[in-house]
Amino acid sequence: MDSQLASLFLESSAGRLRLHMSRIAKCVETLSEDQVWARGSDNENAVGNLMLHLGGNVRQWIISGIGGKPDVRVRDREFSARGGIAPTELVERLQTIVEDACRILPGVGAVQLAEPVTIQNRTLTRLDAIYQVVDHFAQHTAQIIFATKMMTHADLAFYQRLAAPQEEKKP
């Protein structure tokens, strides 16, 4: 893979993770702690669980799988949590993990992107692993946005820049 194209892929991946993180943070700031941990049933995940899950996934796949740090993930804990972590702490934890991952990405070379890595007993290229993480993060971000809108009935104003300019009222 061309090094310019590799850099573009890695920058884009980091940018997407940061964009999704900013949207999650905006959602969480509109929710109460009870809403962050609310579940409709045991078969559903709370926003808090999704955030813990995203942190575990990014840490395992990018920080450990790509960056070589120890894999300390205990996936079941991400889903068994029922509260006890403040929304602001959830955002700070996930933000830190995302930023740690984004610092690793620029160090991946074009040749390395095509090399195999084994994560969760799956062997795939580093490019596929990064793509999987960004896609996974986007899917759960959409769930968090949907849950937030369902609980708050709020317009989260992610696309205000696309709104038509208001016409000036003439006296």
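Scroll up a little and you will see the structure.
What counts as what
- Residues numbered from 1 in each chain as written.
- Predicted model: local features only at pLDDT ≥ 70, side-chain atom pairs only at ≥ 80, totals over all residues.
- Heavy atoms only, no water.
- Salt bridge = Lys/Arg side-chain N within 4 Å of Asp/Glu carboxyl O.
- Helix = DSSP H or I, 4+ residues; strand = E, 2+ residues; numbered from the N terminus.
- Buried < 20%, exposed > 50% of the residue type's maximum accessible area, 1.4 Å probe, protein only.
- Expected span 1.5 Å × (residues − 1).
- Phe/Tyr/Trp six-rings, centres within 6.5 Å; stacked < 30°, edge-to-face > 60°.
- Lys NZ or Arg CZ within 6 Å of the ring centre and 35° of its normal.
- Disulfide = S-S within 2.5 Å.
- Core = buried A, V, L, I, M, F, W, Y, C linked by side-chain atoms within 4.5 Å.
- Contact = heavy atoms within 4.5 Å.
- Pairing = 2+ DSSP bridges.

Draft legend 1. Spotlight on the pattern of salt bridges. One pass over the structure, following the stated rule, counts 5 salt bridges. Note that Glu 89 and Arg 93 form a salt bridge whose closest N and O atoms lie 2.7 Å from each other. A residue pair is termed a helical-turn pair when its members lie 3 or 4 positions apart in one helix, as Glu 89 and Arg 93 do in helix α5 (residues 87-104) at 4 residues. Given the relative accessible area of 34%, Glu 89 is considered partly exposed. Put simply, Asp 100 and Arg 103 hold a salt bridge, and the shortest N to O gap is 2.4 Å. Of the two residues, Asp 100 and Arg 103 are both situated in helix α5; the distance of 3 residues between them amounts to about one turn of the helix.

Draft legend 2. Helix α7 (residues 126-152), seen in detail. Under the 1.5 Å per step criterion, the end-to-end length of α7 is 39 Å for 27 residues, consistent within 8% with the ideal 39 Å. Downstream of α7 by a residue or two, His 153 has a phi angle that is positive, lying close to 60°.

Draft legend 3. Representation of the packing of aromatic side chains within the structure. All chains considered together, the criterion is met by 0 aromatic pairs. Arg 23 extends its terminal NZ or CZ atom over the ring of Phe 158, reaching a point 5.0 Å from the ring centre.

Draft legend 4. Focus on unusual backbone geometry. Although it is not a glycine, Gln 120 adopts a positive phi angle of roughly 50°. Tracing the sequence through the fold places Gln 120 in the loop between β1 (116-119) and β2 (122-125). Of note in this structure, His 153 is not a glycine but carries a positive phi near 60°. For His 153, the position within the fold is in the segment after α7.

Draft legend 5. Structural detail: the state of the cysteines. If you walk through the whole model with that rule in mind, you get 0 disulfides. Left unpaired, Cys 27 is separated from the closest cysteine sulfur, that of Cys 102, by 18 Å. Under the relative-accessibility criterion, Cys 27 is labelled buried at 0%.

Draft legend 6. Inspection of the nonpolar core at higher detail. One finds Leu 17, Ile 24, Trp 37, Met 51, Leu 94, Phe 137 and Ile 144 to be the most contacted residues of the largest nonpolar core, which totals 48 residues. Breaking this core down by element, the ones donating at least two residues are α1 (3-30), α3 (47-64), α5, α6 (110-113), β1 and α7. The contacts of Ile 24, once residues within four sequence positions are left out, are Met 51, Leu 54, Leu 94, Phe 137, Thr 141 and Ile 144.

Draft legend 7. Representation of the pairing of β1. Side chains Val 117 and Ile 119 project from β1 onto a buried face, and the interleaved Pro 116 and Thr 118 project onto a face without burial. The pairing of β1 with β2 spans 4 bridges and is antiparallel. What sits directly across from Val 117, in β2, is Leu 124. Once β1 ends, the chain turns through 2 residues before running back antiparallel as β2, passing Gln 120 with a positive phi of about 50°.

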